[in-house]
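# Chains, contacts and geometry: an overview
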Amino acid sequence: MYLGIDVGGTHTDAVVMDGRTIAASAKVPTNHHDLLASVRAAMQGLLRVVEPGRITRMNLSTTLSTNAIVEGKTEDVAVVVSAGPGIDPEHFRVGRFYFPVGGSIDHRGEEIAPLDPAEMGRVATACCDAGVRLFAAVGKFSTRNPAHETAMGEALGARGGGSPARCGCGDFVSLGHRLSGQLNFPRRVATAYYNSAVWRVYNRFADAIEQSAREFGITAPIHILKADGGTMPLAVSRELPVESILSGPAASVMGIIALCDIREDCVILDIGGTTTDIAVFACGSPVIEKDGIEVGSYPTLVRALKTRSIGVGGDSRLHVAAGAVRVGPERAGASMAMGGRRPTLIDALNFRGHAAVGDVAASARGIREMAGLWDLYPERLADDAIAEAVARIRAAVADLVDEVNARPVYTIMELLQGRVVEPAAVYLMGGPAKVMQPLLAPALGKRVEVPDDFAVANAIGAALTRTTAELELFADTEKGVLFIPTLGVERKTERGYDLERARAEARDALLEHLAGLGVTGGEAAVEVVEASSFNMVGDYGTVGRNIRVKCQVRPGIMGDDGGRNVCGCKPCPDGGDGA
């Protein structure tokens, strides 16, 4: 049995799945001041029905890292960068403590200028004096040779990210090459910064989650949802907390994949109490942010599903501005129907007979009192609020589809060359989904469907999502070196090393890595997605090859083998591969 928990903005939902059947479910209010309390309450609700010993895997989607960044509750990080010639590292400054240092490595991994130990000593001393205990170390071409990054981590006296412990004052360092094999220095700087900035708050939460699970008698492995629609073991997430950003919208997408047989272009709307999360599918497969998402206005290398969130939800507060009724974006507690003190969208829906949630009389009282304050008819106030919510959702859907079509369309399956996404349907999930279905259908002008179990679809997606992983292998046969940056692998190789051997070694390395994480069998469906080999020419002909291979396990649903593709969707009716 798989246990899934989704910590949402308004509610924390949890399910235990026995195959594709819900064996138990729970829904509790999310306590933003104590997310652990919400998780514990949800687990208690489930374990009244299911024996903890029957749980074989626990997957958790959490807003913790996202909230810490949005609310400015991250910790100071000292960012140490080595850019070398041709680029000004000041253009990529992030955080209060930013230290460009000398030393450089070129695009083939050759050291051009060494690090200055005295300079690194001065940086470490300055950080200790300022009380900074978290670090990020990033070199421009560290994915081709991580020696400088590793040396920077050691000099800073921090552990983590592949850097051994030293006697300095550091607690943790994020090494850029361990976060991604992509060559994008500015994005790698921001990714390493945020990874360290949320490290302590995330690890305290992870400690508490692990302890709570064991107290409840759950001995199954614990996994955390990632932004790309997959999961990672809790132990791995401790070193890579930045990967847990946007895990909520990822749970929405995976929930729809688990509940629906999607084969077409479509839009997913997860309407919660605080926000509406939007995602786009192209021919049955989720669209992704190929290069990485923006976090706190900085582009990063965090690979993620293409989603958007807007501040429209069932508990979005109603207010009047410039004579117009507005919905959200803020949430000021529960709706009046559920004991709150201010009218919300749910209260407007109750008042106009679209819904019958909680205390309908309290909703009517709140709408009438608010209308009286603004000299409005209560019916008009409620209708305008509902129309505003629908219009904002419609506009956000159109904007996201336009944004997807403005660039090449990448899905979790492949690049769709020249493909224009034209959604034929909209799938709704979340608590207000049934209520909003007849209101959104005419506004969106598309078929609008609400799957069974729509209210806990996120938790189902969390429960059934399998582990994803990826790596890139680089080999330079002239120099006789091979790197797998994210695994910290570095070894010598011979001149005869070729692309086929690189493909096989990359696959084997990822499988071995997954096996070490306890991921085996059908879940570890490794595929090579990019492979290239370029001859390097010297004065007397070819002197070697520059080889690059990227392989991955794509997002998918546990145990979904029945003719479906790796992403969980069935093949397209036109004979395509589901992408």
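The model shown is predicted, which means the values in this text are computed figures rather than measured ones.

The next subject is the sheet that holds strand β6 (residues 97-100). Pairing is parallel in the open sheet, where 4 strands are placed in the order β6-β5-β9-β10. Of all the strands in the sheet, just β6 and β10 (172-175) have a single pairing partner and so form its edges. Each adjacent strand pair in this sheet contributes to an overall mean axis angle of 15°, direction not counted. In terms of strand pairing, strand β5 (residues 78-82) meets strand β9 (residues 134-139) through 5 bridges, oriented parallel. Residue S82 lies in a different strand from β9, and its bridge partner there is G139. Against the sheet, helix α4 (residues 147-155) contacts β5, β9 and β10, and its axis sits at roughly 160° relative to β9.

Closest axis-to-axis distance for the helix α1 (residues 35-47)/helix α7 (residues 199-215) pair is 11 Å, and the angle between their directions is 20°. In terms of orientation, α1 and α7 fall into the roughly parallel class. As α1 packs across α7, the resulting crossing turns out to be right-handed. Residues L35, L36, V39, R40 and M43 of α1 pack against F205, A208, I209, S212, A213 and E215 of α7. Of the residues in the contact of α1 with α7, the class split is 8 nonpolar, 1 polar and 2 charged.

Before going further, it helps to examine the confidence of the model for the protein chain. The predicted model of the protein chain has a mean per-residue pLDDT of 88, with 93% of residues at 70 or higher. Of all the helices and strands in the protein chain, strand β24 (residues 415-416) carries the lowest mean pLDDT, 78, while helix α10 (residues 345-351) carries the highest, 97. Confidence drops under a pLDDT of 50 for residues 161-167, and excluding neighbours within four residues, the segment shows 19 contacts in the predicted structure. Low pLDDT, under 50, characterises residues 561-579; the stretch is placed with 55 contacts to residues that sit more than four places away or in other chains.

Here we take up the nonpolar core. Residues L269, L349, L428 and L440 are the most contacted members of the largest nonpolar core, which totals 50 residues. The dominant element in this core, judged by the number of residues it contributes, is helix α12 (residues 378-405), at 12 residues. In terms of nonpolar packing, the next biggest core, distinct from the first, is built from 31 residues, M1, L46, L47 and A206 among them.

What counts and what doesn't
Residues numbered from 1 in each chain as written. Predicted model: local features only at pLDDT ≥ 70, side-chain atom pairs only at ≥ 80, totals over all residues. Heavy atoms only, no water. Pairing = 2+ DSSP bridges. Helix = DSSP H or I, 4+ residues; strand = E, 2+ residues; numbered from the N terminus. Axes fitted to C-alpha atoms, helices over the stretch in contact; angles between N-to-C directions. Contact = heavy atoms within 4.5 Å. Parallel < 35°, antiparallel > 145°, perpendicular 65-115°, else oblique. Left-handed = near helix turned anticlockwise from the far one by under 90°. Nonpolar A, V, L, I, M, F, W, Y, C, P; charged D, E, K, R; others polar. pLDDT = per-residue confidence, 0-100. Core = buried A, V, L, I, M, F, W, Y, C linked by side-chain atoms within 4.5 Å. Buried < 20%, exposed > 50% of the residue type's maximum accessible area, 1.4 Å probe, protein only.

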